[in-house]
Number of protein chains: 2
Amino acid sequence: MLGEFDIIARYFATPDQSLPISGVTLGPGDDCALLSPAAGTELAMSVDTSVADVHFPGDAPPEAIGHRALAVALSDLAAMGARPRGCLMALTLPHAEPAWLERFAQGFRDLGRYTSTPLVGGDVTRGTLSIAVTVIGDVPVGQALRRSGAMPGERLAVTGALGGSHGGLRMWQAGGHDLEDPLLAAYLRPAPQLEAGCALRGLASAALDISDGLLADLGHLCHASGVGASLDPACIPLAPTLEMTLGSEGALHAALNGGDDYQLLVSVPETAWEDALRRCADCGVTLTEIGRVLAEPGIRGIPETLKGAGWQHFTGDGQ
Amino acid sequence: MLGEFDIIARYFATPDQSLPISGVTLGPGDDCALLSPAAGTELAMSVDTSVADVHFPGDAPPEAIGHRALAVALSDLAAMGARPRGCLMALTLPHAEPAWLERFAQGFRDLGRYTSTPLVGGDVTRGTLSIAVTVIGDVPVGQALRRSGAMPGERLAVTGALGGSHGGLRMWQAGGHDLEDPLLAAYLRPAPQLEAGCALRGLASAALDISDGLLADLGHLCHASGVGASLDPACIPLAPTLEMTLGSEGALHAALNGGDDYQLLVSVPETAWEDALRRCADCGVTLTEIGRVLAEPGIRGIPETLKGAGWQHFTGDGQ
């Protein structure tokens, strides 16, 4: 049987994660990792826990579980316009099965390599499968995209398309297991919008990632900014094949309330809008206007029948 | 019932953790926290997960669980000679019980305040009780205490006393619940040796914290440094009342193999020894020589009967 140190050494301290990596002075294996912050930057950091059968199906492909655990954490860096510098993983496992671990680590490592996010530290314990990933990024001083800067009159926009993850969840529950399907891919292999986040620095006045559902997260942005919003449901970009799968009303409901899309929701002043569109296009990301920031609190334009409760772990209303 | 955001707002984003805190540009509540690294420093970071009934008794006092979860993570900063700058907590809870949470948060916050470690971010999910704490500290560039610098001929020394945590575990299992007892306190409310870690910068050639047991951790230090060691069992400082509780042989076995003491094990060159003693004394910490670094691999001086397996989560040999 594998010991804790064997697991870390074998699956997570692989050569392609080893030094030299820009900014990482000391990788896994000591009491702490050491990072050298770049001059003129601030550090952005966040932690996200993914629990089996709460955030992802415990029987999902291990590669997807590894990918997803890192992706949802990286999405918080994207939402601040930060560039990833490293991550730490606290992995809790019911048992150490080499075949599963190998595939899990592969999914985690592949996304880490693709996004330049070396694993610099970790901890492995025994228990119900869950993965807490802490990400560390940097951002030029004063340029982080916060939730609190939206001003009345600005455009509200989202990257990519929404509702796909909820559609994928439904599909998985119905027995669909083809990860090439765009909805299942959105659910199990979400792509953090890191490039778009960096591209929108200096342009967006406020930003967050859509993890709890568009309406819930727009509520967070409005609350932090002390504003309200109006949305145009007809403008909300729906994930490909979503209407086909859930019907028109179901698709819109998923786009408004389904969590886990990991797209960015931003507020953009009129003067920066064309630049924002162009910079997103330059990194291959669509940016779609979905409404406007209002001075009065509350969210307008959405019929009550289309409003869900958003993701709330301890109230039982979430997915 | 409390929602995820309510829990974070009510218990962990309290006024005494609010800004301004040196180096924290943005605390909890946005997608990421923002920290400003101090000039001339490197960042040290580590994550430690504490799982109920694996690392601590699930029915321990909630204050102790909160304290302990942060303490074991801070101990890794101590082992690098780093000063805490902040922490993130991924809390997994079976249910959100306000009375329990209030007491848990109190224990966590009290240690955070005492050690100047503001909680800058967190995540709350539903599941088996477990707490993954990521700590971030800083250390002057090039001065971090690594595991890999021990040289033959140097003195091996430990801070404080050993075996207390194992004694406390035994006491808890036997029904003892008085947290004023020094052994139970060592087990459930360990003190990270942050001041001693900083004091030993520039003096110790290698350091780590004793979490897996002295012999296991000495093995890690020797492996990283490419050296061996001889220990003098008669010199190993035993926790107060440990011999009374476990007998002489049991106490020594606990000191050598019992994990979770969170004292520092260091290697100190002859020329730095007097300074190391004095600096530790200045911060009220005893430093005790327990052996010497040898050029040949292996650990000498310990009879086979006193050797345990150290903490290994997935091999079943640990505590």
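Given the structure is predicted, the values throughout are model-derived calculations rather than measurements. (Residues numbered from 1 in each chain as written. Chains lettered and ligands numbered in written order. Predicted model: local features only at pLDDT ≥ 70, side-chain atom pairs only at ≥ 80, totals over all residues. Heavy atoms only, no water.)

Is there a simple way to think about the pattern of salt bridges in this case?
If the charged atoms of two oppositely charged side chains come close together, the side chains can form a pair. Residue and element names in this part refer to chain A. The final tally for this structure, using the stated rule, is 30 salt bridges over all chains. Here E270 ties to R155 by a salt bridge, and the two come within 2.4 Å at their closest N and O atoms. Here the residue E270 occupies a position in the loop between β10 (264-268) and α9 (273-282), and R155 occupies one in strand β7 (residues 155-159), the gap between them amounting to 115 residues. Among the ionic pairs, E270 bridges to R292, the shortest N-O distance being 3.1 Å. Placement of E270 in the loop between β10 and α9 and of R292 in strand β11 (residues 287-294) is noted, with a sequence separation of 22 residues between them. In this structure R292 comes out as partly exposed when scored by relative accessible area, which is 30%. Among the ionic contacts, a cluster of salt bridges with common partners joins R155, E270, E289 and R292. (Salt bridge = Lys/Arg side-chain N within 4 Å of Asp/Glu carboxyl O. Helix = DSSP H or I, 4+ residues; strand = E, 2+ residues; numbered from the N terminus. Buried < 20%, exposed > 50% of the residue type's maximum accessible area, 1.4 Å probe, protein only.)

What is the right way to read the sheet that holds β10 of chain A from this model?
Pairing between the strands of a sheet is mediated by backbone hydrogen bonds and can be parallel or antiparallel. All names here are of chain A. The six strands are arranged β8-β10-β7-β11-β9-β12 in an open sheet whose pairing can be described as mixed. If you trace the sheet from one side to the other, it starts and ends with β8 (206-209) and β12 (299-300), each paired once. Sitting on the sheet, α9 is in contact with β7, β10 and β11, with an inclination near 150° to β11. (Pairing = 2+ DSSP bridges. Contact = heavy atoms within 4.5 Å. Axes fitted to C-alpha atoms, helices over the stretch in contact; angles between N-to-C directions.)

Looking at this structure, I do not really get the packing of helix α4 (residues 164-173) of chain B against helix α8 (residues 242-257) of chain B. What am I missing?
Helix-helix packing: each pair is described by the crossing angle between the helix axes and the interaxial distance. Residue and element names in this part refer to chain B. Viewed as axis vectors pointing N to C, α4 and α8 meet at an angle of 125°, and their least axial separation amounts to 10 Å. Relative to α8, the element α4 is oriented oblique. α8 is crossed by α4, and the crossing has right-handed handedness. Residue-level inspection shows G164, H166, G167, R170 and M171 of α4 in contact with α8, the latter providing L242, T245, L246 and A254. (Parallel < 35°, antiparallel > 145°, perpendicular 65-115°, else oblique. Left-handed = near helix turned anticlockwise from the far one by under 90°.)

Mind showing me how you'd approach the UniProt feature "binding site: Mg(2+) 1" (unreviewed entry) in chain A here?
All names here are of chain A. The UniProt record annotates "binding site: Mg(2+) 1" (unreviewed entry) at D48 and D123. If you trace the backbone, D48 turns up in strand β3 (residues 41-51). Accessibility expressed as a relative area gives 17% for D48, which makes it buried. Along the chain, D123 turns up in strand β5 (residues 119-126). (UniProt positions renumbered as here; feature names shortened; annotations may be inferred.)

Could you clarify how one ought to interpret the interface of chain A and chain B in this entry?
Bring the parts together and some accessible area is lost; that lost area is often taken as the interface size. Listed as interface residues are 65 residues of chain A and, on the opposing side, 65 residues of chain B. For the pair chain A and chain B, the summed buried area comes to about 5200 Å², and 60% of that belongs to carbon and sulfur atoms. For the pair chain A and chain B, the number of links is four salt bridges. With its nearest N and O atoms 3.6 Å apart, the salt bridge here joins R147 of chain A to D30 of chain B. The interface formed by chain A and chain B includes 18 residue pairs in polar contact (both at pLDDT 80 or more). Residue composition of the side of chain A that touches chain B, grouped by class: 34 nonpolar, 19 polar and 12 charged. (Buried area = accessible area lost by both parts, 1.4 Å probe. Polar contact = N/O pair within 3.5 Å; in protein donor to acceptor, adjacent residues only side chain to side chain. Nonpolar A, V, L, I, M, F, W, Y, C, P; charged D, E, K, R; others polar.)

Please clarify how the relation of the copies chain A and chain B should be interpreted in this entry.
What relates the pair of chain copies is a rotation about an axis plus a shift along that axis. For the pair chain A and chain B, the relating rotation is 180°, the translation along its axis is 0.0 Å, and the fit reaches an RMSD of 0.0 Å. One copy is carried onto the other by what is essentially a two-fold rotation axis. The overlap is high: 100% of the interface residues of chain A also sit at the interface in chain B, so the same surface is used on both sides. (Least-squares fit on C-alpha atoms with pLDDT ≥ 70 in both.)

Please clarify how the pairing of β5 of chain A should be interpreted in this entry.
For a regular strand, the rule is simple: side chains alternate between the two faces of the sheet. Residue and element names in this part refer to chain A. In terms of residue burial, β5 counts as a mostly covered element, since six of its eight residues are buried. As defined by bridge partners, strand β4 (residues 83-93) adjoins β5 across seven bridges and the pair is classed as parallel. Its bridge partner lying in β5, M89 is registered against G122. The β-α-β motif built from β4, the intervening helix α3 (residues 98-114) and the parallel element β5 has right-handed crossover chirality. (Right-handed = clockwise from strand over helix to strand, strands pointing away.)

Explain the nonpolar core here, please?
Ranked by internal contacts, the top residues of the largest apolar core, which has 71 residues, are F12, L91, L101, I131, V133 and V266 of chain B. Looking at this core element by element, the count peaks at 11 residues for helix α2 (residues 62-80) of chain B. Setting aside anything within four residues of it in sequence, one finds I131 of chain B in contact with D48, T49, S50, F56, I65, A69, M89, A90, L91 and F104 of chain B. In this structure, I7, A105 and V266 of chain A together with L26 of chain B belong to the second largest nonpolar core, which totals 70 residues. (Core = buried A, V, L, I, M, F, W, Y, C linked by side-chain atoms within 4.5 Å.)

Would you take a moment to explain the domain arrangement of chain A for this structure?
Residue and element names in this part refer to chain A. According to the domain assignment, chain A contains domain 1 (4-25 + 38-140) and domain 2 (155-301). Centre-to-centre separation of domain 1 and domain 2, based on C-alpha positions: 24 Å. Listed by partner, the interface residues are 25 residues for domain 1 and 18 residues for domain 2. For the pair domain 1 and domain 2, the two sides together bury roughly 1700 Å², of which 64% comes from carbon and sulfur. Counting every contact that joins domain 1 to domain 2 gives one salt bridge. Note that D260 and R68 form a salt bridge whose closest N and O atoms lie 3.2 Å from each other. Within the residue set of the side of domain 1 that touches domain 2, elements represented by two or more residues are α2 (62-80), β4 and β6 (130-140). (Domains from an automatic or database assignment.)

Would you mind going over α8 of chain B with me for this structure?
In an α-helix, one turn spans 3.6 residues, which is why side chains three or four residues apart end up on the same side. Residues and elements named next belong to chain B. With 16 residues, α8 should cover 22 Å at 1.5 Å per step; its first-to-last C-alpha distance of 14 Å lies more than 12% under that length. Taking the largest bend as the criterion, α8 deviates by roughly 100°, centred on S248. Where α8 is concerned, the buried positions are L242, L246, A251, L252, A254, A255, L256 and N257. Contact partners of the buried residues in α8: α4, α5 (182-188), α7 (214-225) and β9 (228-231). (Expected span 1.5 Å × (residues − 1). Bend = angle between axes of the 7 residues up to and from the residue.)

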